[in-house]
Amino acid sequence: MAEGAAEVSAQSGGGGDPGAVEPERGVAPIKPQYLTTKEQFHEFLEAKGQMPSQESEAVDPAGNDLTEPEAKRIRLEDGQTEDGQAEEAAETGEQLQAQKRARGQNKCRPHVKPTHYDKNKLCPSLVQESAARCFYGDRCRFLHDVGHYLETKPADLGPSCVLFETFGRCPYGVTCRFAGAHLGPEGQNLVREGLVQVPPVRNGLDKALQQQLRKRKIHFKRAEQALRQLNRGPLPGPTSEATVPEGREAEGAPEQDNCDIQLAPQEPDTVGPPSGPLRTCGPLTDEDVVRLRPHEKRRLDISGKLYLAPLTTCGNLPFRRICKRFGADVTCGEMAVCTNLLQGQTSEWALLKRHPCEDIFGVQLEGAFPDTMTKCAELLNRTIEVDFVDINVGCPIDLVFKKGGGCALMNRLAKFQQIVRGMNQVLDVPLTVKLRTGVQERVNLAHRLLPDLRAWGAALVTLHGRSREQRYTKLADWQYIEQCVAAARPMPLFGNGDVLSYEDANRALQTGVAGVMIARGALLKPWLFTEIKEQRHWDISSSERLDILRDFTHYGLEHWGSDTQGVEKTRRFLLEWLSFLCRYVPVGLLERLPQRINERPPYYLGRDYLETLMASQKAADWIRISEMLLGPVPSNFVFLPKHKANAYK
């Protein structure tokens with residue numbers, strides 16, 4: 001296959017003296033014998049694949065490109081003149097507008113909850129084998145005829161069920177898309193007696209707790225006490241190390257009379273035992289002896305470890321399991337909005353789930369106000385098992401920034417201080433902070449905030465070497481991170497940005513940081529953790545990469561389910577990940593090592609067909625890869641990635 005790819009490349013003029021042409025700036029340096037053109041790249045895929053020809057570059061009779069989403073086609077049509085002939089200046093302006101639209105988030109994608117899952121859906125009482133009574137009674141809108149359901153159910157996607165083989169029993173029964181592996185002759189759900197075990201994922205949302213959160217019946221005594229103390233007097237100045245001794249800010253000033261803030265007895269509907277770091281008057285109790293003091297709080301010792309960043313959408317539990325297998329030491333859940341957690345939203349609580357392989361695990365919270373953040377910290381402190389809680393002060397998106405969260409906290413020092421102090425008082429685990437260099441491009445703020453964060457009680461800070469305005473348009477500023485290391489001492493500081501090889505990690509550690517956080521590098525190549533620990537470049541084959549994707553789908557079916565809804569959710573997250581994986585260039589194809597994260601791959605033909613298919617930047621080819629692992633997609637399946645740059649090239 002490599003020879004055939006080289007022949008196609010030679011015919012396209014991709015060969016020649018490697019020293020004759022200077023490599024284009026911002027483009028990955030690939031050996032000339034593998035380079036090709038966009039047209040021949042897609043022709044090669046279509047010739048070797050089995051995708052129908054109408055799916056390649058479909059064009060309707062009106063001349064519209066059907067590969068573009070409908071919303072984008074409408075916007076492109078609006079830019080045309082009525083007579084179809086625009087002037088050169090107008091055409092130039094339209095091209096610039098089209099390029100501008102192709103950047104950033106794909107906000108035109110349809111946000112429609114799929115309703116096709118509800119059609120011909122079997123009643124949950126039958127799925128859970130409790131047919132004696134229906135959960136919904138006479139108001140039930142689901143099917144109760146198993147025979148009719150099996151007639152309309154799509155064909156199985158494979159001969160074996162991951163849940164049945166792993167846990168000895170598939171909880172989805174006849175609704176499983178691999179039901180043939182565990183259904184008896186009469187349609188009963190088979191069970192392997194010697195292998196039955198409960199899925200080991202922790203930090204789930206209890207139904208009773210969810211009802212209490214939705215009805216607002218939970219009282220946060222410890223958080224309210226901390227907030228009252230923070231609001232009682234003027235807050236310390238921006239540099240408060242001398243005025244507020246460490247470990248005393250949570251206990252109250254010695255000259256204050258704390259008798260009026262004694263904790264009241266706990267009511268039955270409160271979360272966990274009443275505890276707080278405030279001093280109480282009266283006799284000494286066991287609670288005063290056993291409770292952790294601020295200076296006794298568990299320490300977070302992760303210096304020198306590889307830290308997988310909290311990645312929205314792609315940093316889900318199956319992906320974290322993949323990274324743990326390749327050597328990630330510390331993992332963190334996706335960013336969770338504190339207000340949604342306090343409302344008991346199931347989708348938000350799902351971001352907090354933890355797998356047993358995650359030995360050092362934390363959760364990241366986002367919020368803009370001290371009351372919600374402190375109450376959420378107290379809630380999580382008593383309901384889930386984590387090793388640390390992280391505050392998101394680096395999110396750059398407008399939806400979060402305009403509400404005062406994320407990067408906006410760097411300009412709201414009073415609220416920021418109350419959030420850190422309040423959360424630190426109610427947590428029994430260390431509190432960490434992740435922030436950027438600043439909000440504006442040339443106005444760095446992190447070096448001024450780090451001493452304050454140390455005084456406020458933060459155990460560790462992670463610094464992303466870019467500002468909010470920069471996003472990913474420029475390289476991370478590791479020189480500035482090196483300056484911040486000195487400002488943060490003795491508090492440990494982790495660095496983050498542009499790490500895609502073990503050389504990048506080594507250069508980062510030379511700045512004096514306590515460790516390295518890896519974000520996009522793990523999305524492009526999750527085996528990066530192995531490369532860093534073994535100090536080598538891994539020329540991983542396409543079949544090994546496909547095995548990684550297959551393991552991800554197995555983990556996804558365990559996590560999201562093996563019914564139709566779970567399979568399609570697994571497929572969507574797989575496609576989101578493939579939109580990043582296609583940027584990876586195999587080591588054997590590069591003229592110069594290593595690949596840099598800001599270098600985009602040109603069109604090239606890999607050493608075999610699968611390697612070429614994985615390099616495609618078309619969503620249709622990503623769907624084809626998903627069909628190799630999860631079977632054919634439904635006829636009504638629509639996938640538009642969250643980033644236009646990942647979808648339309």
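About the thresholds
- Residues numbered from 1 in each chain as written.
- Predicted model: local features only at pLDDT ≥ 70, side-chain atom pairs only at ≥ 80, totals over all residues.
- Heavy atoms only, no water.
- Core = buried A, V, L, I, M, F, W, Y, C linked by side-chain atoms within 4.5 Å.
- Buried < 20%, exposed > 50% of the residue type's maximum accessible area, 1.4 Å probe, protein only.
- Helix = DSSP H or I, 4+ residues; strand = E, 2+ residues; numbered from the N terminus.
- Domains from an automatic or database assignment.
- Contact = heavy atoms within 4.5 Å.
- UniProt positions renumbered as here; feature names shortened; annotations may be inferred.
- Axes fitted to C-alpha atoms, helices over the stretch in contact; angles between N-to-C directions.
- Parallel < 35°, antiparallel > 145°, perpendicular 65-115°, else oblique.
- Left-handed = near helix turned anticlockwise from the far one by under 90°.
- Nonpolar A, V, L, I, M, F, W, Y, C, P; charged D, E, K, R; others polar.
- Pairing = 2+ DSSP bridges.
- Phe/Tyr/Trp six-rings, centres within 6.5 Å; stacked < 30°, edge-to-face > 60°.
- Lys NZ or Arg CZ within 6 Å of the ring centre and 35° of its normal.

### Considerations on the nonpolar core
And step 1. Counting residues in each nonpolar core, the largest one holds 145 residues, and the members touching the most others are Met423 and Leu549.
And step 2. At seven residues, helix 23 (residues 564-581) tops the list of elements feeding residues into this core.
And step 3. For this core, the two domains that each supply at least three residues are domain 1 (306-538) and domain 2 (548-648).
And step 4. Setting aside residues up to four positions removed in sequence, Met423 forms contacts with Leu365, Met373, Thr374, Ala377, Val389, Ile391 and Leu431.

### A word on the environment of Pro29
And step 1. One can find Pro29 in the loop between helix 1 (2-11) and helix 2 (38-48).
And step 2. Setting aside chain neighbours within four positions, we find Pro29 in contact with Leu589, Leu590, Glu591, Arg592 and Glu599.

### As for the UniProt feature "zinc finger region: C3H1-type" (unreviewed entry) in the protein chain
And step 1. Per the UniProt record, the feature "zinc finger region: C3H1-type" (unreviewed entry) sits at residues 117-147 and 160-185.
And step 2. Structurally, residues 160-185 comprises 23% helix and 0% strand, and the distance from its first C-alpha atom to its last is 16 Å.

### Thoughts on unusual backbone geometry
And step 1. Following Arg489, the chain continues to Pro490 via a peptide bond in cis, the omega torsion being 5°.
And step 2. Looking along the chain, the bond that leaves Leu593 and enters Pro594 is cis, with omega of 0°.
And step 3. Mapped onto the elements, Pro594 comes out in the loop between helix 23 and helix 24 (609-614).
And step 4. One non-glycine residue, Asn203, lies in positive phi territory at about 70°.
And step 5. Tracing the backbone shows Asn203 in the loop between helix 7 (162-167) and helix 8 (207-214).
And step 6. Look at Arg216: it is not a glycine, yet its phi comes out positive at around 55°.
And step 7. Looking at the secondary structure, you find Arg216 in the loop between helix 8 and helix 9 (221-232).
And step 8. For Arg216, a relative accessible area of 75% gives the class exposed.

### Quick word on the packing of helix 23 against helix 25 (residues 619-630)
And step 1. The geometry of helix 23 relative to helix 25 is characterised by a closest axis approach of 10 Å and an angle of 135° between their N-to-C directions. If you check the angle between helix 23 and helix 25, you find them oblique. Of the two possible hands of crossing, helix 23 and helix 25 adopt the one that is right-handed. On helix 25, the residues touching Val567, Thr570, Arg571, Leu574, Leu575, Leu578 and Ser579 of helix 23 are Trp622, Ile623, Ile625, Ser626, Glu627, Leu629 and Leu630.
And step 2. Tallied by class, residues from the contact of helix 23 with helix 25 come to nine nonpolar, three polar and two charged.

### Thoughts on the sheet that holds strand 6 (residues 460-464)
And step 1. Reading across from one edge, 1-8-7-6-5-4-3-2 is the order of the eight strands in this open sheet, with parallel pairing throughout. Both outer strands of the open sheet, strand 1 (306-308) and strand 2 (331-337), are each paired with one neighbouring strand and no more. Neighbouring strand axes in the sheet, compared pairwise and without regard to direction, differ in orientation by 25° on average.
And step 2. For strand 3 (residues 361-366) and strand 4 (residues 388-393), the ladder comprises four bridges, and the chain directions are parallel. When the bridges of strand 4 are listed, Leu365 appears paired with Ile391.
And step 3. Running at roughly 160° to strand 2, helix 11 (residues 317-325) makes contact with strand 1, strand 2 and strand 3 of the sheet.

### Observations concerning the packing of helix 14 (residues 370-383) against helix 16 (residues 413-426)
And step 1. The contact between helix 14 and helix 16 brings their axes to 9 Å, and the two run at 20°. Overall, the two elements helix 14 and helix 16 adopt an arrangement that is roughly parallel. Crossing handedness for the pair helix 14 and helix 16: right-handed. Two secondary-structure elements touch here, helix 14 through Pro370, Met373, Thr374, Ala377, Glu378 and Asn381 and helix 16 through Lys415, Gln418, Ile419, Gly422, Met423 and Val426.
And step 2. By residue class, the composition of the contact of helix 14 with helix 16 is six nonpolar, four polar and two charged.

### Brief notes about the packing of aromatic side chains
And step 1. What the rule picks out here adds up to nine aromatic pairs.
And step 2. Lying over the aromatic face of Phe401, Arg468 brings its terminal NZ or CZ to 3.8 Å of the ring centre.

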